2 protein chains.
Amino acid sequence: MAGESPIDATRLPAPVLLHDSARAPNPRRVRIFMAEKGITLPARDLDIMAGAHFRPEYRALTGTHHVPALELSDGTVLTETVAICRYLEAWRPEPNLMGRDPLEAARIEMWQRRMEFQLLQPIAFVLRHSNPAMAVLEQPQIPQWAEANRPRVAAALADLDARLAGAPYVAGDRYTIADITAIVAVDFMRTIRQPIPEGCAALAAWAARIRARPAVAATDPARREAR
Amino acid sequence: MAGESPIDATRLPAPVLLHDSARAPNPRRVRIFMAEKGITLPARDLDIMAGAHFRPEYRALTGTHHVPALELSDGTVLTETVAICRYLEAWRPEPNLMGRDPLEAARIEMWQRRMEFQLLQPIAFVLRHSNPAMAVLEQPQIPQWAEANRPRVAAALADLDARLAGAPYVAGDRYTIADITAIVAVDFMRTIRQPIPEGCAALAAWAARIRARPAVAATDPARREAR
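So, here's what we can say about the structure. (Residues numbered from 1 in each chain as written. Chains lettered and ligands numbered in written order. Predicted model: local features only at pLDDT ≥ 70, side-chain atom pairs only at ≥ 80, totals over all residues. Heavy atoms only, no water.)

## A short note on the overall build of chain A
Here is step 1 of the chain: Broken down by element type, chain A carries 9 helices and 4 strands.
Here is step 2 of the chain: Seen in sequence order, chain A has helices and strands lined up from the N terminus as β-α-β-α-β-β-α-α-α-α-α-α-α.
Here is step 3 of the chain: Taken over the C-alpha trace, chain A has a radius of gyration of 18 Å; the compact-globule value for 227 residues is 17 Å, and the two agree within 12%.
Here is step 4 of the chain: Oriented by its inertia axes, the alpha-carbon framework of chain A measures out at about 50 × 45 × 35 Å.
Here is step 5 of the chain: The buried share among the 227 residues of chain A stands at 58%. (Helix = DSSP H or I, 4+ residues; strand = E, 2+ residues; numbered from the N terminus. Rg over C-alpha atoms; globule rule 2.2 N^0.38 Å. Buried < 20%, exposed > 50% of the residue type's maximum accessible area, 1.4 Å probe, protein only.)

Below is the structure:
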């Protein structure tokens, strides 16, 4: 949007409802993003293990079966985690989580996507193709595909540890959406019994710092279940 | 970047070199995006079938093995197709391909990501796990994973056809980055011998229109090889 006049965020349609799912990683990314900005919204929890996201009403609303989805006051329904976050960033610009200028925005997006494709997605493949409980969501389950992704998770963790040995946050010198994707992925490793490897001191220290953020702690599914 | 002052694109670091690969889909997405904006850049072609992207020099430059990568005049190296495109959109705002306001930008990003995750990625999984020539890039190859993705490609094509029966372009009423991702994916189906299904008239008509665009035609690997 370079070259355009500044957007008046107060004239944008307001977010009115989040279609959420308590234990899934993508909705948690949006919940953390909202909490960092102080956005609170009504949420409707979908029981994805019972297939709620495949019901015709949900498909008619969103055009897909993806969760989360964000409804706006003008009737727009957005899916795709990062598209939802980018809209919320425009609607509530502070604290900035996606970049203050085009160069920073591109760097943050690069790191965000690396976390998504290199770390979160392989973790999800391991879970969905190795855990019998996931058979309701993933057909066919292919155990060899789960196994092929375990070393990719390990490689992504080693790369991330190396990155965090040289930078305090995933995208550089400040907390951004790239850290949100990364901590959601790292926490989601519980589902595949993959700990942070012992040698990854920079990654472990970063995870402890990020998990101490109120927005991150409040959305931790392990803490919720311990209540 | 809502609420910020307008960016003066002339003050941004200029793109100076594209690390490219002639037949791979992601670099083609960037080449089409640049051609639509009239951006011409020196390019360095990486022979990915010979593993050029795994050489230490490339890793040292980009921090990864991903292609494409864009070098800027200030020394920044960006990877990740969409991050590169978003930077180029700021540097050369017209014609606009990623949205003129936050709501349009979010819709376009949603559709772009649907094309990426629902269509392009399953096609790539089929190719990489079924074609013996891809064994140099994909280890282990898992034929069952290729087969599991064939019906996902078919489902994505049916969804896209239904979308294009109701809208002239993927993201709505005008040509955007979502069309670029989609046409690159559809053309990439040649590698898995998947045609546009006979019943998909809206998809076929859209593909013919998009392929006639000079930026798309000029980057078609089939045409290049026919020369």
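## Examining the sheet that holds strand β4 (residues 77–79) of chain A
Here is step 1 of the chain: One open sheet holds the 4 strands; their spatial order is β2-β1-β3-β4 (chain A), and the pairing between them is mixed. Among the strands making up the open sheet, the edge pair consists of β2 (43–45) and β4 of chain A. Taken over all neighbouring pairs, the strand axes of this sheet differ in orientation by 20 degrees on average, direction set aside.
Here is step 2 of the chain: Here strand β1 (residues 15–20) of chain A pairs with β2(A) via 3 bridges, running parallel. Note that in β2(A) the partner of A:His19 across the bridge is A:Arg44.
Here is step 3 of the chain: Running at roughly 125 degrees to β4(A), helix α3 (residues 81–91) of chain A makes contact with β1, β3 (69–72) and β4 of chain A of the sheet.
Here is step 4 of the chain: Where helix α4 (residues 102–130) of chain B meets the sheet, its contacts fall on β3 and β4 of chain A, and the angle it forms with β4(A) comes to roughly 45 degrees. (Pairing = 2+ DSSP bridges. Axes fitted to C-alpha atoms, helices over the stretch in contact; angles between N-to-C directions. Contact = heavy atoms within 4.5 Å.)

## A word on the relation of the copies chain B and chain A
In this structure, two copies of a chain are linked by a rotation about an axis accompanied by a shift along it.
Here is step 1 of the chain: In screw terms, the move from chain B to chain A is a rotation of 180 degrees and a rise of 0.0 Å along the axis, fitting with an RMSD of 0.0 Å. Viewed as a symmetry operation, the transformation between the two copies matches a two-fold axis.
Here is step 2 of the chain: Looking at the interface residues of chain B, 100% of them are also at the interface in chain A, so both copies use one shared face. (Least-squares fit on C-alpha atoms with pLDDT ≥ 70 in both.)

## Let's talk about empty space enclosed by the protein
Here is step 1 of the chain: Enumeration over the complete set of coordinates arrives at 6 cavities of 30 Å³ or more.
Here is step 2 of the chain: Volume-wise, the second largest cavity comes out at about 90 Å³.
Here is step 3 of the chain: For the second largest cavity, the full set of lining residues is A:Val82, A:Glu109, A:Arg113, B:Val82, B:Arg86, B:Met98, B:Ala105, B:Ile108, B:Glu109, B:Gln112, B:Arg113 and B:Ile177.
Here is step 4 of the chain: Among the secondary structure elements, those contributing two or more residues to the lining of the second largest cavity are α4 (102–130) of chain A together with α3 (81–91) and α4 of chain B. (1 Å grid on protein atoms, 1.4 Å probe; cavity = no way out; pocket = protein on both sides within 12 Å on 5 of 7 lines; lining within 4 Å. Points joined across faces, edges and corners; volume = space filled by probe spheres on them.)

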